[in-house]
Amino acid sequence: PPRALTRHDPGTIAAWDADHVIHPWESMGEEVTDRVVAAKAEGIHLYNAEGRRFIDGPGGMWCMQIGYGRREMADAIAEQAMKLAYHSPWAFASEPSALLARKLAQMTPGDLNSVFFTTGGSSAVDTALRFAQFYNNLRGRPEKKLFLARERGYHGSTYLAASVTGKDRWKNPMDVERRLVRFLPDINPYHRAPGQSEADWCDEKVEDLARAIRVEGADTIAAFIAEPILASGGVIVPPEGYLRRCAELCRAHDILFIADEVVTGFGRLGHWFASEAVFGVVPDIITCAKGLTSGYVPLGAAIISDRLIAEISGEDRAEVLFKNGYTYSGHPVCCAAALTSIEIIEREGLLEHVRRVAPHFQARLRDLARHEIVGDVRGMGLLGCVEGTARPDLPEERRFAIDQHFGELVDAACEARGLIVRPLLNMCVFSPPLIISEGEIDEMFDILDAAIGEVQ
Ligand code: PLP
């Protein structure tokens, strides 16, 4: 057997982990004592502590753009750590954050030129929402405080980002701030009425926003926050024209449109950002994280339009402070990593590569729809989701297993064959590293195909 890749025995690591680490979304009911111990990664592959190799289907957590094990990233991180490991973002400017902010301003659409650096996606969303309220307060519109968000949307785990998250919100025993938020119904076209066209579905979904604005009153609403594609809600691609019409409605009603591009940014759909390039929308604020550093170190950003900043700036505003900031805002090591990751994406033509291989990825994904237990397949770029649906004539126990645990069942069958997928109830989602080749896409979908066949 291959030599273990860890100093300690993998079973011991898993036991220490079970005893002491609280994982995200940790179950209070069952202790997981056999978690896979990740020990090493290279390219699109992750190795467990025993040295077994897996294709990383979800690309970490939708973040591993350039692939693992890049010496150039390690060098950039080490070099910056030795040169200037940290500086107060309150007191100083530095080359990495200034260069990166300038670069992001060039990459984002329209006049989105001002960058607030954060520690990840949640804090980027938090910053964007706080800015929307700050902006309205300064415009003498303090009553404009509400946020519109969507069912199935995911925006993070800080108190405010969790509050605008529309997943499982009624079942969740965690406190969230609901007074500030109104949720628009699910936009998943898979759930539309039989026979309803995509155009009609789009009209209905835009009307959901129009109705919320009518019911609440535009005078009370600060911002509408939306992922261009709802990622962890199940890779839900909006109907044609939906985002553009929503953004227009927001603009007409003086409501800020915040595009949460934490997943869709940095090449996932073949462009730096999806809002304008894919959906024809210039948002007021874009939030990003994850692929910004290809997951090597944590970093996020809220990128704000000049128009908004200009509206609330002035000589008489010297005493007015945007009191939002993190010890690690614009962390020089993280900014240096982001600059290097962006440079690699540019040098290796990874945006073009994604545009080239995405049709094959999507074709292989759609081919999975022939399985009887697959209800829907959907995606765009290098994002994909397979949703399991049980036939009504199956025994109840089997129906329940598929409708609730399709993701886990497929995950287990994939793991045995060397592929990691991300199970989400009755779905599996994919966002492999952008460097994935057509041959590796085939390898991934061959495994998935066999796994679904086995679960069936
Ligand atoms: N926004 C979106 C669309 C996300 O998918 C996520 C994380 O998955 C977040 C925000 C939160 O980012 P983070 O986990 O880096 O705080």
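Computed from a predicted structure; not experimentally measured.

Draft legend 1. Up close: the state of the cysteines. Scanning the entire structure with this criterion turns up 0 disulfides. We note that Cys 250 lacks a disulfide partner, and the nearest cysteine sulfur, in Cys 246, lies 6.7 Å from it.

Draft legend 2. Inspection of the site of the ligand at higher detail. Around the ligand lies a shell formed by Gly 120, Gly 121, Ser 122, Tyr 154, His 155, Gly 156, Glu 227, Asp 260, Val 262, Val 263 and Lys 290. Gly 121 is positioned such that a nitrogen or oxygen atom in its backbone is 2.8 Å from an oxygen atom of the ligand. Look at the ligand: alone it shows 390 Å² of surface, and the protein chains cover 82% of it. Of the residues in the shell around the ligand, the class split is 3 nonpolar, 5 polar and 3 charged.

Draft legend 3. Quick peek at the pattern of salt bridges. The tally for this structure, following the rule as stated, stands at 32 salt bridges. In this structure, Arg 70 engages Glu 348 in a salt bridge whose closest nitrogen and oxygen atoms are separated by 2.7 Å. Within this pair, whereas Arg 70 is found in the loop between helix 2 (59-62) and helix 3 (71-83), its partner Glu 348 is found in the loop between helix 11 (332-347) and helix 12 (350-367), the two being separated by 278 residues in sequence. Judged by relative accessible area, Glu 348 falls into the partly exposed class, the value being 35%. Each of Arg 139, Arg 141, Glu 143, Lys 144, Asp 219, Arg 251, Asp 254, Asp 284, Arg 307 and Glu 311 takes part in salt bridges that share partners, so that together they form one network.

Draft legend 4. Quick look at helix 7 (residues 198-216). Between its first and last C-alpha, helix 7 extends 27 Å over 19 residues, near the 27 Å set by a 1.5 Å rise per residue. Listed as buried for helix 7 are Trp 201, Cys 202, Lys 205, Val 206, Asp 208, Leu 209, Ala 210, Ala 212 and Ile 213. Looking at the packing, one finds that the buried side of helix 7 touches strand 5 (146-150), strand 6 (181-184), strand 7 (221-226) and helix 8 (242-252). Gly 217 sits one or two positions beyond helix 7 and adopts a positive phi of about 90°.

Draft legend 5. Seen up close, unusual backbone geometry. Of note in the backbone geometry, Trp 62 takes a positive phi value of approximately 60° without being a glycine. Inspection of the secondary structure assignment puts Trp 62 in helix 2.

Draft legend 6. Quick peek at the packing of helix 12 against helix 14 (residues 438-455). It is the contact of helix 12 with helix 14, at a shortest axis distance of 10 Å, that shows an interaxial angle of 10°. For the element pair helix 12 / helix 14, the angle class is roughly parallel. Seen from above, helix 12 lies across helix 14 with right-handed handedness. From helix 12, Arg 356, Val 357, His 360, Phe 361, Arg 364, Leu 365 and Asp 367 reach across to helix 14, where they touch Glu 438, Ile 441, Asp 442, Met 444, Phe 445, Asp 446 and Asp 449.

Draft legend 7. Looking closely at the environment of Arg 141. For Arg 141, the position within the fold is in the loop between helix 5 (121-138) and strand 5. Look at Arg 141 and you get partly exposed, because its relative accessible area is 23%. Taking the C-alpha atoms as reference points, Arg 141 and Phe 406, 265 residues apart in sequence, are found 48 Å from one another. In contact with Arg 141, other than residues within four places in its own chain, are Asn 136, Asp 219 and Asp 254.

Draft legend 8. View of the side chain of Glu 261. With respect to the helices, strands and loops of the structure, Glu 261 is situated in the loop between strand 8 (256-260) and helix 9 (274-279). Buried charged residue Glu 261 carries no salt bridge. Nearest counter-charge: Arg 268, at 10 Å. Within polar-contact distance, the side chain of Glu 261 engages the side chain of Ser 275 at 2.5 Å. Glu 261 has contacts with Pro 228, Phe 273, Ala 274, Ser 275, Ile 286, Thr 287 and Cys 288, leaving out every residue within four places of it along the chain.

Draft legend 9. Region of interest: the packing of helix 3 against helix 11. As a packed pair, helix 3 and helix 11 sit with axes 9 Å apart at the nearest point and diverge in direction by 150°. Taken together, the axes of helix 3 and helix 11 are roughly antiparallel relative to one another. Of the two possible hands of crossing, helix 3 and helix 11 adopt the one that is right-handed. Each of Glu 72, Met 73, Ala 76, Ile 77, Gln 80 and Ala 81 in helix 3 lies in contact with helix 11, whose residues at this interface are Pro 332, Val 333, Ala 336, Ala 337, Thr 340, Ser 341, Glu 343, Ile 344 and Arg 347. Its residues assigned to classes, the contact of helix 3 with helix 11 shows 9 nonpolar, 3 polar and 3 charged.

Draft legend 10. Region of the structure containing the sheet that holds strand 1 (residues 38-42). One open sheet accounts for 4 strands, arranged 1-2-3-13; its pairing is mixed. Each of the sheet's edge strands pairs with one partner strand only, and the pair in question is strand 1 and strand 13 (419-420). Of the pairings in the sheet, the one linking strand 3 (residues 53-56) to strand 13 comprises 2 bridges and is parallel in character. Bridged to Asp 56 within strand 13 is Ile 420.

Draft legend 11. Up close: the sheet that holds strand 9 (residues 285-288). The strand order across the open sheet built from 7 strands is 4-10-9-8-7-5-6, with neighbouring strands paired in mixed fashion. Of all strands in the sheet, those bounded by a partner on one side alone are strand 4 (112-118) and strand 6. Shown here is a sheet whose adjacent strand axes are inclined to one another by a mean of 20°, direction ignored. Relative to strand 10 (residues 300-305), strand 9 runs antiparallel, the two sharing 4 bridges. Within the sheet, the bridge partner assigned to Thr 287 lies in strand 10 and is Ala 302.

Draft legend 12. Local environment of the packing of aromatic side chains. Applying the stated criterion to the full structure yields 13 aromatic pairs. Measuring from ring centre to ring centre gives 6.4 Å for Phe 131 and Tyr 135, while their planes differ by 20°; the resulting arrangement is stacked. Separated by 4 residues within a single helix, Phe 131 and Tyr 135 lie in helix 5, roughly one turn from each other. A relative accessible area of 3% places Phe 131 in the buried class. Overall, the relative accessible area of 1% leaves Tyr 135 in the buried class. An aromatic cluster is present here, built from Phe 116, Phe 131, Phe 134, Tyr 135, Phe 322 and Tyr 326 joined pairwise through their rings. The residue whose ring lies beneath Lys 40 is Tyr 47, and the NZ or CZ to ring-centre distance is 4.9 Å.

Procedures and definitions
Residues numbered from 1 in each chain as written. Predicted model: local features only at pLDDT ≥ 70, side-chain atom pairs only at ≥ 80, totals over all residues. Heavy atoms only, no water. Disulfide = S-S within 2.5 Å. Near = heavy atom within 4 Å. Polar contact = N/O pair within 3.5 Å; in protein donor to acceptor, adjacent residues only side chain to side chain. Areas by Shrake-Rupley, 256 points an atom, 1.4 Å probe, with all protein chains shown as cover. Nonpolar A, V, L, I, M, F, W, Y, C, P; charged D, E, K, R; others polar. Salt bridge = Lys/Arg side-chain N within 4 Å of Asp/Glu carboxyl O. Helix = DSSP H or I, 4+ residues; strand = E, 2+ residues; numbered from the N terminus. Buried < 20%, exposed > 50% of the residue type's maximum accessible area, 1.4 Å probe, protein only. Expected span 1.5 Å × (residues − 1). Contact = heavy atoms within 4.5 Å. Axes fitted to C-alpha atoms, helices over the stretch in contact; angles between N-to-C directions. Parallel < 35°, antiparallel > 145°, perpendicular 65-115°, else oblique. Left-handed = near helix turned anticlockwise from the far one by under 90°. Lys, Arg positive; Asp, Glu negative; His and termini not counted. Pairing = 2+ DSSP bridges. Phe/Tyr/Trp six-rings, centres within 6.5 Å; stacked < 30°, edge-to-face > 60°. Lys NZ or Arg CZ within 6 Å of the ring centre and 35° of its normal.

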